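Remarks on the overall topology
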Amino acid sequence: MYKEVFIFNVIILFSMKPNLETKIAGIKLKNPTILAAGVLGNTAESLNRVASSGAGAVTTKSITLNPKKGHSNPTVLELEKGFVNAMGLPNPGADKFVQELEKVKGVPVIVSVVGSSIEEYVKVAEKLSKYADMLELNVSCPNVKTGMIFGSEPGSCSELVRKIKKVSKIPVSVKLTPNTTNLIEVAKAVEKAGADCITAINTVGPGMVIDIETGKTILSNKYGGISGEMVKPIAVRCVYEIAQNTKLPIIGTGGISTGKDAAEMLMAGASAVGIGTAVKNSGIKVFRKICSELEQFMLRKKYKSIKELVGLALKS
Ligand code: DHB
């Protein structure tokens, strides 16, 4: 008798358990949390550690054609509710990075691609797309001279997407910047050009911090991109507007550190969420934490699947 009651309860519990699976551009994720570009994305070892900590997918650091040293220190500054950073895209270059990508196992891999010309993006995409599940075009780095040109001009951004789509056999996401008045036009243009997904947003700004003791700017680059909790409302607004104006799946990124943040981003229209600054703050355990908080929220509100949350705020 007791055994039957126990089995009955277990069945009830499992049938109520929300399903965290989601899909972006045809890629199945076991849950909607994705390691965002720029954090722990430099080596196979760190990407595999993030994968085993429960992330639904991982994104690499942005990769250029040739190795890049990046800016000199200080490159990162911690603020009360986030960071300002100007790393200057340090990375080992496409050829060397292949050796890392070959060793990443058991998780969908998104390779972040960056360049200072369309030709450079295309060459990096050609070299790396066979080792990844999706490419993410970083058209929105605020810290290098040409970093935001593609992200703020619908014309050049769609030309870039068209050329990348010609060489890529895998889906292509475009990581958009909030630092433009052209967000909707750029989003519509990349959709028309054949992009499969949009990642939104990249860091906000650029910002600047001055040390009043010395009277000097703190970051060696003077300017840096702002991330963390304080940018979340901007990210939510951008995702909402992109969802309103395109049919593309969205990876919503910016200030997500709890299950409730993730739910909010999904309701704005994202199908998955990127986690960056929260990994810096709390370590890789943050993926399981966010998933379990999201599950509890869904259980309380009787949502059974992620699909029920995606774009909910657009329907009101
Ligand atoms: C860097 C690149 C980015 O895309 C960003 O948003 C912030 C910093 C960088 O490497 O400097």
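For the structure given in this document, a descriptive report is provided here.

Glancing now at the overall build of the protein. Within the protein one finds eleven helices and 16 strands. Here the C-alpha radius of gyration of the protein, 20 Å, is about what a compact globule of 316 residues would show, namely 20 Å. Projected onto the principal axes, the alpha-carbon positions of the protein cover approximately 70 × 50 × 40 Å. When burial is assessed residue by residue, the protein has 53% of its 316 residues classed as buried. Summed over all atoms, the accessible surface of the protein reaches about 14800 Å², with 55% contributed by carbon and sulfur.

Here T22 lies in strand β1 (residues 22–24). Of note is the side chain of T22, whose polar atom sits 2.8 Å from the backbone oxygen of S271. Contact partners of T22, with chain neighbours within four places excluded, come to I27, K28, L29, N31, P32, S271, A272 and I306.

Before going further, it helps to spend a moment on the sheet that holds strand β3 (residues 33–35). The parallel closed barrel is built from eight strands, whose spatial order is β3-β4-β7-β8-β9-β10-β15-β16. Averaged over all neighbouring strand pairs, the angle between strand axes comes to 25°, with direction disregarded. Relative to strand β4 (residues 57–59), β3 runs parallel, the two sharing two bridges. Across the sheet, the residue bridging to I34 is A57, located in β4. Helix-sheet contacts for helix α4 (residues 118–128) involve β7 (109–113) and β8 (134–138), and the interaxial angle to β7 is about 155°. In this fold helix α9 (residues 259–268) packs onto β15 (250–253) and β16 (272–275), with an angle of close to 130° to the strand it touches most, β16.

Read across the open sheet, the four strands follow the order β5-β6-β14-β11; overall the sheet is antiparallel. Both outer strands of the open sheet, β5 (76–79) and β11 (204–208), are each paired with one neighbouring strand and no more. Pairwise comparison of adjacent strand axes, ignoring direction, gives a mean angle of 35° for this sheet.

Moving on, we get to the pairing of strand β9 (residues 172–176). With five of its five residues buried, β9 lies for the most part within the structure. Neither face of β9 is left uncovered, since the one carrying V172, V174 and L176 and the one carrying S173 and K175 both have all their residues buried. With four bridges connecting them, β8 and β9 associate as parallel partners. What sits directly across from L137, in β9, is V174. In terms of strand pairing, β9 meets strand β10 (residues 197–200) through four bridges, oriented parallel. If you follow K175 over to β10, its bridge partner there is T199. Taking the sense of rotation as the criterion, the β-α-β connection linking β9, helix α7 (residues 183–192) and β10 turns out right-handed.

Moving on, we come to the environment of V76. Residue placement: V76 occurs in strand β5. Using a relative accessible area of 34% as the deciding quantity, one classes V76 as partly exposed. Sequence-wise, V76 and G228 are 152 residues apart; in three dimensions their C-alpha atoms are separated by 13 Å. Once residues within four sequence positions are removed from consideration, V76 is found in contact with F83, V84, N85, M87, L219 and K280.

Conventions we followed
- Residues numbered from 1 in each chain as written.
- Predicted model: local features only at pLDDT ≥ 70, side-chain atom pairs only at ≥ 80, totals over all residues.
- Heavy atoms only, no water.
- Helix = DSSP H or I, 4+ residues; strand = E, 2+ residues; numbered from the N terminus.
- Rg over C-alpha atoms; globule rule 2.2 N^0.38 Å.
- Buried < 20%, exposed > 50% of the residue type's maximum accessible area, 1.4 Å probe, protein only.
- Areas by Shrake-Rupley, 256 points an atom, 1.4 Å probe, with all protein chains shown as cover.
- Polar contact = N/O pair within 3.5 Å; in protein donor to acceptor, adjacent residues only side chain to side chain.
- Contact = heavy atoms within 4.5 Å.
- Pairing = 2+ DSSP bridges.
- Axes fitted to C-alpha atoms, helices over the stretch in contact; angles between N-to-C directions.
- Right-handed = clockwise from strand over helix to strand, strands pointing away.

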